[in-house]
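Chain and residue survey
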Amino acid sequence: MRLFIFLLAWLATSVHAEERVEVDVELFLAVDVSRSMQPYELEIQRRGYAAALQSPEVQDAIAGGFLGRIAITYVEWAGAYHQREIVPWTLLATPEDAAKIADTITAHFDQAMRRTSISSALTYAADSIDTNAIDGLRRVIDVSGDGPNNMGAPVTHARDAVLARGITINGLPLMTQDDGIMARWNIPDLDAYYTDCVIGGMGAFVVPVTDWSEFEDAVRRKLVLEIAGQPARLWQAQVRSAAPYNCLIGEEIWERNRDIFALP
């Protein structure tokens with residue numbers, strides 16, 4: 001009987017292993033849609049990713065990999081309990097695959113959501129990577145955002161836990177200039193914040209975006225680096241603080257501005 005149970009367990013494990021797919025990179029695209037983002041900015045992001053994924057540069061990077069295929073998921077995030085899956089884990093190997101993914105990303109445009117929890121987005125992404133049916137030679141979270149963490153666990157706690165799982169985190173800080181009430185949630189050196197408080201792992205880097213006209217090009221360069229696994233020394237943070245960065249600055253800004261009903 002024990003031998004029979006052992007054989008059943010071995011067979012189940014073997015079948016499960018055969019169902020898994022190997023890829024060069026598991027790439028989790030975590031895209032900020034907090035309420036500090038305007039509707040036109042949300043559309044720029046969707047269209048920018050769709051165009052970048054179909055670009056010849058990204059297609060060449062995929063084809064040049066050891067296996068010639070990657071897996072991606074596109075998830076929008078805001079507060080601690082607000083993650084919205086737009087593209088589930090999908091294999092990407094050909095221009096036709098990229099076109100289908102791009103069509104899904106741009107099929108419709110959703111509204112923004114409340115608050116900013118980078119820490120929750122990182123944890124959600126790591127759990128998704130660990131529980132999918134894909135085995136990547138590298139595992140990467142690509143997180144964008146226009147402000148610091150202001151909800152959920154401290155971002156450094158989440159970052160360190162994700163890095164301990166062998167996952168690299170890269171950042172796309174959106175440093176476009178907002179006027180009016182939303183400006184009170186911004187910090188001028190978001191690239192330094194991402195460098196010191198958010199990213200980590202082998203070859204981790206940031207690509208700052210200072211104007212929305214740069215977005216598509218920045219995403220394309222970032223995807224090529226992530227897929228090809230190349231070092232990205234040219235796009236490290238533009239501003240570095242001499243002292244250790246205050247990684248709780250977002251929470252402190254939130255406490256100062258709680259009187260306006262958690263707008264971001």
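Parameters at a glance
Residues numbered from 1 in each chain as written. Predicted model: local features only at pLDDT ≥ 70, side-chain atom pairs only at ≥ 80, totals over all residues. Heavy atoms only, no water. Helix = DSSP H or I, 4+ residues; strand = E, 2+ residues; numbered from the N terminus. Buried < 20%, exposed > 50% of the residue type's maximum accessible area, 1.4 Å probe, protein only. Contact = heavy atoms within 4.5 Å. Areas by Shrake-Rupley, 256 points an atom, 1.4 Å probe, with all protein chains shown as cover. Phe/Tyr/Trp six-rings, centres within 6.5 Å; stacked < 30°, edge-to-face > 60°. Salt bridge = Lys/Arg side-chain N within 4 Å of Asp/Glu carboxyl O. Arc of directions from axis to C-beta. Pairing = 2+ DSSP bridges. pLDDT = per-residue confidence, 0-100. Polar contact = N/O pair within 3.5 Å; in protein donor to acceptor, adjacent residues only side chain to side chain. Axes fitted to C-alpha atoms, helices over the stretch in contact; angles between N-to-C directions. Parallel < 35°, antiparallel > 145°, perpendicular 65-115°, else oblique. Left-handed = near helix turned anticlockwise from the far one by under 90°. Nonpolar A, V, L, I, M, F, W, Y, C, P; charged D, E, K, R; others polar.

What about the overall build of the protein chain?
The number of helices and strands found in the protein chain is nine helices and five strands. Looking at the protein chain as a whole, 51% of its 264 residues qualify as buried. Nonlocal contacts in the protein chain, meaning residues at least 24 apart in sequence, comprise 81% of its contacts between residues at least 6 apart. As displayed, the protein chain offers around 12400 Å² of accessible surface, 57% of which is attributable to carbon and sulfur atoms.

Brief notes about the environment of G201
You can see G201 is positioned in the loop between α7 (190-198) and α8 (215-228). Taking relative accessible area as the criterion, G201 reaches 40% and is therefore assigned partly exposed. In this structure, the C-alpha to C-alpha distance between G201 and I167, residues 34 residues apart in sequence, is 6.7 Å. Non-local contacts of G201, meaning those with residues more than four positions away in its chain, are made with L163 and T168.

A closer look at the packing of aromatic side chains
The description of two aromatic rings rests on the distance between their centres and on the angle between their planes. Per the counting criterion, the structure on display carries seven aromatic pairs. Taking 5.7 Å as the distance between ring centres and 75 degrees as the angle between the ring planes, the aromatic pair formed by Y49 and F215 counts as edge-to-face. Here the residue Y49 occupies a position in helix α2 (residues 39-54), and F215 occupies one in helix α8, the gap between them amounting to 166 residues. When sorted by exposure, Y49 lands in the same class as F215, which is buried. For the ring pair Y193 and Y245, a centre distance of 5.8 Å and an interplane angle of 70 degrees mean the geometry is edge-to-face. One end of the pair, Y193, is in helix α7; the other, Y245, is in the loop between α8 and α9 (249-256), with 52 residues separating them in the sequence. Residue class for Y193 comes out buried when judged on its relative accessible area of 0%. Members of the aromatic cluster, joined through ring pairs, are Y49, Y74, W212 and F215.

Brief notes about the pattern of salt bridges
Going through the model one piece at a time under the given rule, you end up with 14 salt bridges. Across the salt bridge formed by E76 and R84, the nearest N and O atoms sit 2.8 Å from each other. Taken as a pair, E76 and R84 share a single burial class, namely buried. Here D217 makes a salt bridge to R220, at a shortest N to O gap of 2.7 Å. Pair noted here: D217 and R220 are both in helix α8, with a separation of three residues, about one helical turn. Judged by relative accessible area, which is 33%, D217 ranks as partly exposed.

Focus on α9
Listing the buried residues of α9 in full gives G250, E251, I253 and W254. For α9, the buried positions fall inside an angular range of 160 degrees around the axis, keeping them on one side.

Some thoughts on the pairing of strand β1 (residues 21-32)
Of all twelve residues in β1, ten are buried; the element is thus mostly enclosed. Sheet topology places β1 next to strand β4 (residues 134-145); nine bridges connect them, and they run parallel. Counted as the bridge partner of L27 is V140 from β4. Sheet topology places β1 next to strand β2 (residues 70-77); seven bridges connect them, and they run parallel.

Concerning the confidence of the model for the protein chain
In the predicted model, the protein chain carries a mean pLDDT of 86, and 83% of its residues have values of at least 70. In the model, residues 10-17 has pLDDT below 50 throughout and makes zero contacts with residues more than four positions away in sequence or in other chains. Within the model, pLDDT remains below 50 along residues 233-239, and this stretch shows 18 contacts once partners closer than five positions in the same chain are excluded.

Details of the environment of W89
Its place among the elements puts W89 in strand β3 (residues 83-92). Every residue in contact with W89, bar those within four places of it in the chain, is listed here: E26, L27, F28, A71, I72, T73, S128, I129, N132 and I134. Engagement of the side chain of W89 in a polar contact is seen with the side chain of S128, the distance being 2.8 Å.

Observations regarding the packing of α2 against α8
Put simply, α2 and α8 touch, their axes get as near as 8 Å, and they point 45 degrees apart. Taken together, the axis directions place α2 and α8 in an arrangement best described as oblique. The hand of the α2/α8 crossing is right-handed. Seen from α2, the contacting residues are I44, Q45, G48, Y49, A51, A52 and L53; seen from α8, they are F215, E216, V219, R220 and L223. For the contact of α2 with α8, the residue count by class is eight nonpolar, two polar and two charged.

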